[in-house]
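Chain by chain, the residues:
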Amino acid sequence: MSLIDSATEVFHKAYAPYSNFKVGAALRSVEGRVHQGCNVENVAYPEGTCAEAGAIAAMIAAGDTRIAEVAVIADSPTPVPPCGGCRQKLKEFADADVVVTMATLGGATLQMTVGDLLPGWFDAGHMENVAPGEG
Ligand code: THU
């Protein structure tokens, strides 16, 4: 099954009764396994979680470590991009050259790298001047 097909499979399982906007995400780990996630909303709206976050959690829970490739799909007019927070979450586990395929149910796709999606990303290097616990 392609990564887009895997994202589409989990898209249908999304829990999105408040926005009615379902999102499916699938990622292939460097270890070679595919992990899926969908958005899971909550009546306390900020407590909802994105599809990408679910896929990352599934990857880590399965014991895999790094992302090799990502696909995200929604029933959107144009290919659905990861939100800002999810871009930083993806960067935690993906090199800048990892490809993210964004897709619509209608078949449109757009590919960008994690680095393209999050220019100027924050990383541990920005904290080099302080020792852990200092401050
Ligand atoms: N959503 C995702 O799951 N991933 C994204 O990157 C974009 C937004 C979800 C969150 C919320 O459940 C719904 O889409 C509408 O914002």
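Structure first, text after, so check above.
Residues numbered from 1 in each chain as written. Predicted model: local features only at pLDDT ≥ 70, side-chain atom pairs only at ≥ 80, totals over all residues. Heavy atoms only, no water.

Digging into the packing of helix α2 (residues 51-61) against helix α3 (residues 84-93)
To keep things clear, this is the line we draw: Throughout, an axis means a line fitted to C-alpha atoms (over the contacting stretch in the case of helices), and angles, computed between N-to-C directions, take values from 0 to 180 degrees. Under the scheme used here, helices are H or I runs from DSSP no shorter than 4 residues and strands are E runs no shorter than 2 residues, and both carry numbers assigned from the N terminus. Relative orientations are named as follows: roughly parallel for angles under 35 degrees, roughly antiparallel for angles over 145 degrees, roughly perpendicular for angles from 65 to 115 degrees, and oblique for any other angle. Note: crossing handedness is left-handed where the near helix turns anticlockwise from the far helix by less than a right angle, and right-handed where it turns clockwise. Contacts are assigned to residue pairs with any non-hydrogen atoms lying within 4.5 Å of each other. Each residue is assigned to one class: nonpolar for Ala, Val, Leu, Ile, Met, Phe, Trp, Tyr, Cys and Pro, charged for Asp, Glu, Lys and Arg, and polar for all the others, Gly among them.
Where α2 meets α3, the axes come as close as 9 Å, and the angle between the chain directions of the two elements is 25 degrees. When the axes of α2 and α3 are compared, the pair comes out roughly parallel. Every pair of crossing elements has a handedness; the one defined by α2 and α3 is left-handed. Contacts between α2 and α3 involve E52, A53, I56, M59 and I60 on the former and, on the latter, C86, K89, L90 and F93. Along the lines of polarity and charge, the residues of the contact of α2 with α3 split into 7 nonpolar, no polar and 2 charged.

Things to note about the site of the ligand
Spelled out, the test is: Nearness is defined per residue: one heavy atom within 4 Å of the molecule or strand is enough. Any pair of N or O atoms that falls within 3.5 Å is considered a polar contact. Within protein, one atom must be able to donate a hydrogen and the other to accept it, and sequence-neighbouring residues count only if both atoms are side-chain atoms. Using the Shrake-Rupley algorithm and a 1.4 Å probe, accessible areas are obtained, with residue cover drawn only from the displayed protein chains.
In the vicinity of the ligand, the residues found are S19, F21, V23, N39, E41, C50, A51, E52, P81, P82 and C83. At 2.9 Å from an oxygen atom of the ligand is found a side-chain nitrogen or oxygen belonging to N39. A51 has a polar backbone atom sitting 2.9 Å from an oxygen atom of the ligand. When isolated, the ligand has an accessible area of 380 Å², and the protein chains bury 76% of it. Looking at side-chain class alone, the shell around the ligand contains 7 nonpolar, 2 polar and 2 charged residues.

Some thoughts on the nonpolar core
Put simply, the test is: What makes a nonpolar core is a set of buried Ala, Val, Leu, Ile, Met, Phe, Trp, Tyr and Cys residues whose side-chain atoms join them at distances within 4.5 Å. The cut-offs for exposure are 20% and 50% of the maximum accessible area for each residue type, with area from a 1.4 Å probe on protein chains only; residues under the lower value are buried, those over the upper are exposed, and the others partly exposed.
Ranked by internal contacts, the top residues of the largest apolar core, which has 19 residues, are L27, I67, V70, V72, V98 and V100. Contributions of two or more residues to this core are made by β1 (23-29), α2, β3 (67-74), β4 (94-104) and α4 (114-117). Not counting the four nearest positions on each side in its chain, L27 is found in contact with L3, R33, V34, H35, A55, I56, M59, I67, E69 and V70.

Details of the sheet that holds β1
The cut-off we apply is this: DSSP bridges decide pairing: two strands pair if at least two such bridges lie between them.
Pairing in this open sheet of 5 strands is mixed, and the strands run β2-β1-β3-β4-β5 from one edge to the other. Sheet topology places β2 (34-38) and β5 (109-113) at the edges, where each strand pairs with a single neighbour. Looking at each pair of strands side by side, their axes are set apart by 15 degrees on average, direction ignored. Sheet topology places β4 next to β5; 5 bridges connect them, and they run antiparallel.

Quick word on the packing of aromatic side chains
The cut-off we apply is this: Ring geometry is summarised as follows: Phe, Tyr and Trp rings, the Trp one being its six-membered ring, pair when their centres sit within 6.5 Å, and such pairs are stacked at plane angles under 30 degrees, edge-to-face over 60 and tilted between the two.
If you walk through the whole model with that rule in mind, you get 1 aromatic pair. Their ring planes at 40 degrees and their centres at 5.5 Å tell us that Y18 and Y45 sit as a pair that is tilted. Here Y18, found in the loop between α1 (3-11) and β1, pairs with Y45, found in the loop between β2 and α2; they are 27 residues apart in sequence, far enough to count as distant. Exposure remark for Y18: the relative accessible area of 37% places this residue in the partly exposed category. For Y45, a relative accessible area of 61% puts it in the exposed group.

Without other data, these values stay purely geometric and don't point to any function.
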